[in-house]
Structure formats: structure tokens, C-alpha cells
2 protein chains.
Amino acid sequence: MKTEMNIGLLGLGVVATGVVEMLAIQKHKIEKQTGVTLNLSKVLVLDKAEKQALAAEHGFELVTELKEITEDPTIDIVIELIGRISPAKDYILAALRHKKHVVTANKDLIAQHGEELIQVAKDHHVGFYYEASVAGGIPILRSLATSYMADHITSIQGIVNGTTNYMLTKMVEEKMDYATALAKAQALGFAESDPTNDVDGIDAAYKMIILGAFAFGKSLTINDLSIEGIRRLDLADIFSAQSLGYEVKLVGEVKQTSAGISASVGPVLLPKEHPLATVKNENNGVYIESRGIGKSMLYGPGAGALPTATSVLADLIEIAKQSQGAQLYPPFNELKEELPLAPKETIVNHYYLSVHLAETMASQDKVNAYLDDQKQAIAFSKIEETDRLILLLKTVTEEQLQEQLSFVAQFGEVQSVLRIMGEIDEN
Amino acid sequence: MKTEMNIGLLGLGVVATGVVEMLAIQKHKIEKQTGVTLNLSKVLVLDKAEKQALAAEHGFELVTELKEITEDPTIDIVIELIGRISPAKDYILAALRHKKHVVTANKDLIAQHGEELIQVAKDHHVGFYYEASVAGGIPILRSLATSYMADHITSIQGIVNGTTNYMLTKMVEEKMDYATALAKAQALGFAESDPTNDVDGIDAAYKMIILGAFAFGKSLTINDLSIEGIRRLDLADIFSAQSLGYEVKLVGEVKQTSAGISASVGPVLLPKEHPLATVKNENNGVYIESRGIGKSMLYGPGAGALPTATSVLADLIEIAKQSQGAQLYPPFNELKEELPLAPKETIVNHYYLSVHLAETMASQDKVNAYLDDQKQAIAFSKIEETDRLILLLKTVTEEQLQEQLSFVAQFGEVQSVLRIMGEIDEN
Ligand SMILES: NC(=O)c1ccc[n+]([C@@H]2O[C@H](COP(=O)([O-])OP(=O)(O)OC[C@H]3O[C@@H](n4cnc5c(N)ncnc54)[C@H](OP(=O)(O)O)[C@@H]3O)[C@@H](O)[C@H]2O)c1
Ligand SMILES: NC(=O)c1ccc[n+]([C@@H]2O[C@H](COP(=O)([O-])OP(=O)(O)OC[C@H]3O[C@@H](n4cnc5c(N)ncnc54)[C@H](OP(=O)(O)O)[C@@H]3O)[C@@H](O)[C@H]2O)c1
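Conventions used here
Residues numbered from 1 in each chain as written. Chains lettered and ligands numbered in written order. Predicted model: local features only at pLDDT ≥ 70, side-chain atom pairs only at ≥ 80, totals over all residues. Heavy atoms only, no water. Least-squares fit on C-alpha atoms with pLDDT ≥ 70 in both. Contact = heavy atoms within 4.5 Å. Near = heavy atom within 4 Å. Polar contact = N/O pair within 3.5 Å; in protein donor to acceptor, adjacent residues only side chain to side chain. Areas by Shrake-Rupley, 256 points an atom, 1.4 Å probe, with all protein chains shown as cover. Salt bridge = Lys/Arg side-chain N within 4 Å of Asp/Glu carboxyl O. Helix = DSSP H or I, 4+ residues; strand = E, 2+ residues; numbered from the N terminus. Buried < 20%, exposed > 50% of the residue type's maximum accessible area, 1.4 Å probe, protein only. Domains from an automatic or database assignment. UniProt positions renumbered as here; feature names shortened; annotations may be inferred. pLDDT = per-residue confidence, 0-100. Phe/Tyr/Trp six-rings, centres within 6.5 Å; stacked < 30°, edge-to-face > 60°.

## Details of the relation of the copies chain B and chain A
- With an RMSD of 0.0 Å, the fit of chain B onto chain A corresponds to turning through 180° and sliding 0.0 Å along the axis. Put plainly, the chains are arranged around a two-fold axis.
- Interface overlap between copies is the fraction of interface residues in one copy that are interface residues in the other; for chain B against chain A it reaches 100%, indicating a shared surface.

## Quick notes on the site of ligand 2
Residues and elements named next belong to chain B.
- Neighbouring ligand 2 are 20 residues; Val14, Val15, Lys107, Ala303 and Gly304 lie closest to it.
- Val14 is positioned such that a nitrogen or oxygen atom in its backbone is 2.9 Å from an oxygen atom of ligand 2.
- Contacts to ligand 2 include Gly304, whose backbone N or O atom sits 2.8 Å from an oxygen atom.
- When ligand 2 is considered free in solution it has 890 Å² of accessible area, and contact with the protein chains removes 70% of it.

## Observations concerning the pattern of salt bridges
- Applying the stated criterion across every chain, the model contains 37 salt bridges over all chains.
- Put simply, B:Arg142 and B:Glu318 hold a salt bridge, and the shortest N to O gap is 4.0 Å. Here B:Glu318 lies in helix α12 (residues 305-324) and B:Arg142 lies in helix α6 (residues 140-145), a separation of 176 residues in the sequence.
- Residue B:Glu253 pairs with B:Arg419 through a salt bridge whose shortest N-O separation is 2.8 Å. A residue pair is termed long-range when its members are at least 10 positions apart, and B:Glu253 in strand β9 (residues 246-257) and B:Arg419 in strand β16 (residues 412-420) qualify at 166 residues.
- We classify B:Glu253 as buried; its relative accessible area is 4%.
- For B:Arg419, a relative accessible area of 14% puts it in the buried group.
- Sharing partners across several salt bridges, the network here consists of A:Asp237, A:Lys382, A:Glu384 and A:Arg388.

## Considerations on the environment of A:Arg419
Residue and element names in this part refer to chain A.
- Spatially, the C-alpha atoms of Arg419 and Lys107 are 26 Å apart, while their sequence positions differ by 312 residues.
- If we skip the residues at most four places from it in the chain, Arg419 touches Glu253, Lys255, Ser264, Pro267, Val268, Leu269, Asn349, His350 and Tyr351.
- For Arg419, the side chain forms a polar contact with the side chain of Glu253, separated by 2.8 Å.

## Concerning the domain arrangement of chain A
- Domain parsing of chain A yields domain 1 (4-136 + 305-324), domain 2 (140-301) and domain 3 (347-420).
- One C-alpha centre belongs to domain 1 of chain A, the other to domain 3 of chain A; they are set 53 Å apart.

## A short note on the UniProt feature "active site" (unreviewed entry) in chain A
Residue and element names in this part refer to chain A.
- Mapped onto this numbering, the UniProt entry gives "active site" (unreviewed entry) at Lys207.
- Apart from the residues within four sequence positions on either side, Lys207 is in contact with Lys107, Ser133, Val134, Val160 and Asn161.
- A distance of 2.7 Å separates a polar atom in the side chain of Lys207 from a polar atom in the side chain of Asp203.

## Some points on the confidence of the model for chain A
- Chain-level pLDDT for chain A is 95 on average; 100% of the residues reach the 70-or-more range.
- For this predicted complex, the interface confidence reaches an ipTM of 0.95, while the overall pTM sits at 0.96.

## Here we look at the packing of aromatic side chains
- Inspection of the entire model under this criterion finds 16 aromatic pairs over all chains.
- Plain terms: the ring middles of A:Tyr130 and A:Phe214 are 6.1 Å apart, the flat faces sit at 85° to each other, and that makes the pair edge-to-face. Taken together, the residues A:Tyr130 in the loop between β6 (128-129) and α6 (140-145) and A:Phe214 in helix α10 (residues 202-216) connect sequence positions 84 residues apart.
- Using a relative accessible area of 3% as the deciding quantity, one classes A:Tyr130 as buried.
- Residue classification places A:Phe214 among the buried positions, given a relative accessible area of 3%.
- Summarising the aromatic geometry, the rings of B:Tyr370 and B:Phe407 are spaced 6.2 Å apart at their centres and angled 55° between planes, so their arrangement reads as tilted. One end of the pair, B:Tyr370, is in helix α13 (residues 361-373); the other, B:Phe407, is in helix α14 (residues 398-408), and 37 residues separate them in sequence.

This is how it looks when you write it as C-alpha cells:
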């Protein structure tokens with residue numbers, strides 16, 4: 001039972017600097033609550049010169065060689081905040097193999113190589129926690145691993161990418177176009193200089209993979225998800241959706257159907273009463289449906305130095321507590337179920353379609369014939385600005401959707417197909 | 001290390017029946033996750049006859065004497081779901097003294113006698129958990145005790161009484177009056193036949209006392225809170241508030257100011273963008289402001305058999321896990337701080353006032369003189385239906401509020417004084 005634990009930090013960027021600050025603020029409380037003093041002793045950087053002032057202020061040593069941390073027997077815990085796969089993965093493996101507990105915020109890495117790392121941590125009897133990897137400051141993973149363990153989750157939906165949610169909020173509230181919204185998100189530091197992972201839904205997909213493991217015990221890989229980003233999203237559709245009572249959000253979902261697990265990320269229409277519809281700006285929300293609790297949501301900042309650093313601290317506290325207790329350092333997520341992926345043809349959804357109508361008399365007749373003929377599938381239709389047909393399709397499979405799209409192609413050009421999450425109000 | 005733990009349940013009402021059902025659904029998952037099989041072996045009831053069918057279906061024994069449970073050496077865990085103080089308190093004490101772990105949903109008891117019970121549990125090295133006592137299915141206490149332990153909370157605000165939130169939602173959305181809304185809540189089983197504790201804010205106050213202990217480590221007693229219920233709430237004020245961009249909700253708050261802790265429960269005006277403003281019907285929400293995470297919220301059903309039972313199960317899982325690990329059964333909440341109560345005179349608030357104007361020419365002059373004279377304190381004023389003056393007062397102490405009320409008394413009768421939570425938009 002140690003009363004002091006020394007920390008080696010890898011990287012000193014946005015989140016790492018937040019960790020330095022939060023550790024200073026919370027040191028006394030953590031000591032009192034866990035009986036352990038957490039000392040930040042060494043920080044790995046690429047260039048010492050830049051970070052001298054911060055190091056001096058907080059009394060830690062800057063190093064440029066990984067082994068000065070992993071091979072230092074006085075270091076108990078390594079926090080990885082470099083990001084990406086390489087060299088982060090090798091660094092974490094080295095730390096685990098030297099029997100250091102590891103905390104990370106690296107969702108790319110956990111989503112792609114989590115199982116391997118978790119196994120190595122288990123083999124070396126050390127803790128490996130990553131609360132900060134999903135939804136920044138929201139304590140979602142630990143809640144899933146403890147409180148929701150008592151429940152049977154049937155679906156988990158999340159606004160888990162702050163950048164795109166910020167952009168969509170600006171596009172709606174300030175009628176900003178996509179490029180301007182992206183530039184603004186970059187200026188504010190939400191979006192990286194290469195925003196591909198954010199706007200294409202990849203970042204959200206990584207987070208949904210991690211959430212799927214915690215909620216269902218299912219290991220998903222990126223190819224198991226249908227993924228769409230927000231690049232092709234049209235402002236006109238956002239406003240049409242709003243006039244029908246929906247908000248457009250980039251939502252990830254993993255759900256269990258009788259046919260198996262299905263997982264997706266994409267721009268969807270959410271009814272305005274859906275709790276996720278109220279999540280604005282760079283905030284995140286994770287909405288859970290379950291047999292016991294029913295409908296619940298956790299809401300908060302999805303990114304940012306201090307929120308994300310707080311999640312890192314929560315993991316440190318878990319390690320400190322374990323060190324005073326059973327010293328079992330159990331895997332963060334112990335749920336594992338053999339669940340099949342739901343075959344594509346079993347998945348039904350509601351859809352929003354917008355169609356640019358060909359402007360001939362003949363096409364008008366075709367539109368009317370189509371609306372009449374397919375009224376089973378069409379929950380709602382209206383024509384905007386004389387040449388834009390808006391359709392809401394109800395409970396259709398992917399195959400049925402394609403069939404509808406081919407009907408529609410006879411009198412117009414389909415501009416957008418967006419999924420509707422939740423019920424369609426047919427009035 | 002036991003691989004089986006036997007449970008004695010006290011009471012077989014709404015929540016207890018939910019526990020029976022959820023245990024049956026989740027038994028296998030709990031076994032797999034914790035290595036412990038939880039058996040419900042005995043249930044204490046007042047009248048066996050009524051409950052025979054349920055007992056037969058689930059294979060537990062009905063008993064009518066407490067000691068058949070507390071003095072049964074095969075029973076490891078006692079779940080108390082009778083409610084109120086007596087005999088629940090004595091029953092729990094007896095169970096703890098017989099070295100049984102105890103789980104309860106009894107907020108009245110925890111808020112009033114929690115410290116005593118926690119100490120007895122500690123003395124007997126058994127677990128004592130009560131997640132279900134606050135906000136039904138929302139996993140708020142365990143989140144505060146683990147994840148938020150890494151943070152420094154500055155305020156916690158909650159819609160923590162489902163009955164009154166349901167009533168207020170109906171009053172607003174269906175223009176229902178107070179009595180009809182109450183009758184409807186009772187018909188749906190949200191409100192008890194004696195709804196005093198709900199509508200007078202006492203139930204919410206008990207929950208805020210528990211939240212205050214988890215968020216700040218401060219033990220509050222009911223007299224430390226300023227408490228107001230919703231009995232005197234006027235529909236006209238709710239609609240005036242809406243037209244000014246606010247929702248009226250019964251909100252409990254515990255916050256830390258430089259002068260100390262202040263705690264209250266009352267109907268307040270929440271700006272529509274406030275996350276709690278979107279919490280409808282019998283749902284609850286707990287909104288937290290903190291230095292690290294910033295602004296976050298947990299949202300979900302505040303009552304009901306299955307949601308509340310799920311929180312009871314989460315506590316059972318904690319006990320099962322501890323039994324396989326360190327067997328320390330730490331107190332649910334380990335935070336304890338010596339914090340003063342903020343003196344009344346240091347507390348400043350914004351207020352909404354509605355005033356019935358006396359209808360004389362002279363009084364009109366007085367109104368104008370007052371509005372002109374006090375414009376420092378008045379953020380907004382308007383006259384509705386010729387004789388209703390609505391005022392928003394900005395940043396006033398209790399003493400300053402009384403002073404304003406005495407000014408106003410010169411030309412009208414004050415009908416309502418409601419606190420505004422959050423900023424006033426002066427346009
Ligand atoms: N930012 C957020 O709000 C947020 C939220 C949740 C999770 N995360 C995750 O947290 C992690 C860190 O993100 P961040 O935003 O803090 O990134 P960041 O600001 O770019 O910080 C990364 C730091 O690592 C340094 N670095 C790169 N390679 C290194 C190496 N080989 N050795 C030592 N240092 C190296 C970088 O230095 P140079 O700048 O000199 O290259 C940079 O200072 C990522 O996994 C990210 O996905 C971030
Ligand atoms: N209902 C909710 O949604 C909810 C949510 C959160 C927390 N809680 C808390 O959960 C607890 C239980 O609430 P509940 O709604 O389940 O109440 P309930 O339906 O009234 O159940 C209480 C049960 O205890 C029985 N009982 C009373 N005295 C007893 C005794 N001496 N021995 C054995 N049984 C006795 C009652 O029997 P009789 O009916 O025959 O009197 C009744 O069946 C309370 O502390 C409550 O505050 C409830």
C-alpha cells in the first residue's frame with residue numbers, strides 16, 4: 001500500500017496541460033479521499049525549450065526519451081496524451097510491460113487496438129483506464145461500467161463529436177454555411193487543422209465502438225458501422241427538417257435488435273422532444289434506452305482541456321483507490337457477449353428525402369401517381385418552392401429505400417436521404 | 001469469497017416488486033459480471049395472503065417477523081423498501097448490527113438519520129448503499145462518489161421530485177389548474193394520497209440534503225434549507241414567465257459561495273436554454289457546475305418501479321463486487337468538509353415579481369416614480385392586462401428584496417415573488 005504514486009506524462013499538449021492544472025487544483029482532495037499523494041514527476045516532450053516555464057512552475061522534470069519514464073522504477077502511472085496510433089501504442093505497450101498503470105484519452109487507439117492493450121494490462125496486473133476517450137468530461141464509461149451494469153441496455157445514441165455539433169449549431173442558429181462553420185470551429189480550437197475524422201464521422205465512429213463495448217459487450221470494428229459525415233449536408237434540408245419538428249444532428253447509435261447489433265454514425269433527424277435534440281454547440285450527450293431505467297441521458301462538454309483532464313483524473317483516482325484496496329485493477333469494461341451483427345436486410349428505418357423535381361407537366365403526373373401508389377410507405381409529403389419534394393418514409397428496409405429511390409428517379413433527382421431517429425408524427 | 005449471496009427484502013410494494021422483477025431479468029448478467037449469484041430468499045410483508053402468488057412465482061419465502069431475516073445467518077444483504085422513518089430505521093439498524101449489508105431507497109431516512117446509520121455500518125464493516133434514494137433511476141450518487149470526485153463542484157441544481165415536475169408540465173402544456181394536475185399525478189401513482197411532502201418541497205429538500213453531502217461533503221439538516229413548494233404557484237405567473245423566456249420548475253440547489261454553502265428548494269424561473277428547463281413530466285435532472293467539467297447534467301426517470309429498482313440493483317452489484325475484492329465496503333460517500341453555511345445576508349438572487357396594481361391615478365404616478373427611482377435594481381418591467389405589473393429584480397439581497405417589496409406595497413399588492421436561476425436578459 002503506497003501513500004505516494006508518481007506519474008509520468010507523455011505529451012504536453014492541450015489535454016495534458018489541463019491535467020497538470022487539474023492535478024494542482026485537486027491534489028489535496030485526492031489525497032484526502034484516497035490516502036494517496038499523486039506526484040507528477042516527469043513529462044515526455046519533443047522539445048524541452050518550449051515547456052520550461054510550465055515545468056518550473058509545477059516542479060516536474062521534462063524528458064525526451066520514453067525510457068526515462070518507462071524504465072524509471074519510481075514511476076507508478078503513465079498518462080498517454082500524445083494521440084493517434086503511432087507512437088502512442090508502442091509507448092503504452094512499453095509502459096504496461098514495465099508494470100505501470102496507464103491512463104489515456106486516445107479514442108483512435110482504444111477503438112482500433114483496445115483489446116490487445118487491455119489484454120497486456122491484464123497480463124501485467126496493472127490498471128488501464130480511458131474515461132476521457134469518449135465524450136470528454138462526461139463520466140459515461142464509468143457510469144456504464146458500474147451503474148448501468150445493473151440494467152439491460154437496448155440502445156445507446158450519442159452526440160459524441162463536439163466539432164460537428166458546434167458546426168451544425170452555428171449552421172442552424174446563424175444560417176452559417178458549412179465552410180464558414182468549419183473555419184470557426186477551427187479558429188476556436190475544436191476542429192483540428194485536418195478535420196477529416198470529425199466531419200466524416202470517423203471520430204464519432206471510434207467513440208461508438210467504445211460505447212458499444214461498454215453497453216453491449218460487443219467488439220465492433222470500424223467496418224461494422226455504416227458511417228456518414230456532414231460534408232454533404234444541405235442547409236435547406238436542415239431548415240425543412242426544422243419546419244417538420246426535427247433537429248439535424250450527427251448521431252452515433254449502437255442498438256440491439258432481435259437480429260443482432262447494428263451500429264451507425266450519420267446526420268439524422270431527431271424529433272425536437274428527443275433529449276439529444278437540445279444538445280448544442282460543442283457539447284456532447286449520450287442517450288441510453290434500457291429495460292430498467294428506461295430513457296436517460298448524460299450531458300456535458302465533449303472536449304476541452306479541463307473537462308477532458310477531469311476524466312483523466314477520475315481514472316487516476318480509480319487507480320489510487322485500487323492501490324489502497326484489493327489491488328485487482330480490474331479491466332475498465334468487463335462486459336463481453338457473443339452477439340451477432342444484425343444482417344443489413346433486417347434493419348428498418350424512417351427516412352427523410354428531398355427531391356429536386358423535373359419541371360414538366362408529365363413529371364407532375366408522375367409525382368401524383370407515385371404519392372398515391374406508395375402511400376403505405378410515405379408518412380408525409382410536401383412540395384416546397386414549387387420544385388422541392390420533401391418525403392418522410394416510414395419503416396423501410398435498405399432494399400425498400402432503394403426501391404423508393406428508383407421510383408422517385410422517374411420524376412426528379414434525389415438530393416438528400418437522411419435517417420429519422422425516433423417516431424414520425426404523421427400529422 | 002462467497003459465490004452466493006442471499007437477500008432479505010423488507011416490504012413488497014411498488015419498488016420492491018420492481019426489484020423482484022429486475023433481479024429475475026438480470027440474475028445471469030450479475031453472476032457473469034461479479035461472480036456472485038444473488039438469491040432473493042425471504043421477503044418481509046405485513047400480510048402474507050396478498051403476496052403468495054408472487055412468492056411462488058419467484059421462489060422466495062414470505063415472513064412477517066423481522067428477526068426471521070436479521071437473525072438468519074444465511075442472509076447476507078437486506079434491502080429496505082418500506083419507506084418513512086419508523087419502523088424502517090430500527091429495521092435497518094437491526095440488520096446492520098447483525099452484520100448484514102443494507103441497501104435502501106429511503107430518502108427521508110438518509111436525509112434525517114443518514115450519519116448515524118452510516119456510522120453503524122462502518123462499525124460493523126458492512127456495506128450501506130442508497131443510490132435509489134435520489135432521482136430514482138438516475139445514477140447520480142455513484143457518479144458523484146466516483147467520477148465527480150476528480151472535480152471541484154461549485155453548485156448542484158436538481159429537478160428531483162417527479163410528482164411536482166409532472167404537475168408543472170401539465171399546468172403549462174395543458175393549461176391544467178393545480179388541483180386537476182395533482183389529481184392526475186395521484187391517479188397515475190406519481191403522487192401519494194398525502195402529497196404534502198411532494199408539493200411542499202420537503203421530498204426535494206431531503207434529496208438535496210443527500211446531494212449536498214455527496215457534492216460538498218457538507219451535512220445539512222432540513223432547517224438549513226430555505227424551502228418553498230408549488231401550492232401557491234399561479235398559472236398566470238407561469239405564462240408571464242414563459243413570455244419572458246423562462247420555464248417555471250421546482251428546483252433544489254446547493255451551492256458554494258465565498259461565504260459558504262447555501263441551499264434551497266423552490267419554484268424558480270429557469271432560462272429556456274438552461275438544461276433543466278427541458279426536463280418534462282415525471283423526469284428528473286441533476287445539473288452540476290464544476291471547475292473541471294464545467295456544466296453537465298444527468299437526466300432520467302425520477303421514480304417508478306423499474307428505474308428505482310435498477311438503482312437498488314446497482315448497489316447490490318457494488319456489494320457483490322466488494323465481496324470478491326477488498327471486502328472493505330467503503331461508505332458510499334467519503335467526502336467530508338467543514339464548510340460554514342453562507343449567512344443569509346450574503347446571498348443575492350434575481351427575482352420575478354408580479355404585482356396587482358391599485359387602480360387610481362395617484363397609484364399610476366407612484367408606479368412611474370418607483371420604476372424611475374429604482375432602475376438600478378429593476379432589470380425589466382412591464383404591465384400586463386392594465387393592472388398586473390411584472391418586475392425582474394437584479395442581484396438583490398434578501399434585505400434589498402424586502403425593501404423593494406415595501407416600495408411596491410405603496411401602489412399595489414405583491415402576488416408572487418419567484419427566484420430567477422441563471423442570468424437575466426435585459427432586453
Ligand atoms: N482536445 C480535446 O478536447 C480532447 C478531448 C478528448 C480526447 N482527446 C484526446 O487526447 C489526446 C491528446 O489530445 P490533445 O488535444 O491534447 O492533442 P495536442 O494538443 O495535439 O497534444 C499532443 C501533444 O503531444 C505531443 N507529441 C506528439 N508526438 C510526441 C512524442 N513522440 N513524444 C512526446 N510528445 C509528443 C505534441 O507535441 P507537438 O505539438 O510539438 O507536436 C503535442 O504537444 C488525443 O488522443 C485526443 O484524441 C482530446
Ligand atoms: N415509488 C417510487 O418511485 C420511489 C422512487 C424512489 C424512492 N422510493 C422510495 O422507496 C421506498 C418504497 O417506496 P414504494 O413506492 O415502493 O412504497 P410502497 O409501494 O408504499 O411500498 C411500501 C411497502 O412496505 C409495506 N410495509 C409497510 N410497513 C411494513 C412493515 N412494518 N413490514 C413489512 N412491510 C411493510 C407496505 O405494505 P402495505 O401496502 O400493506 O402497507 C408496502 O407494500 C420508499 O422509501 C420511497 O421513498 C420510491
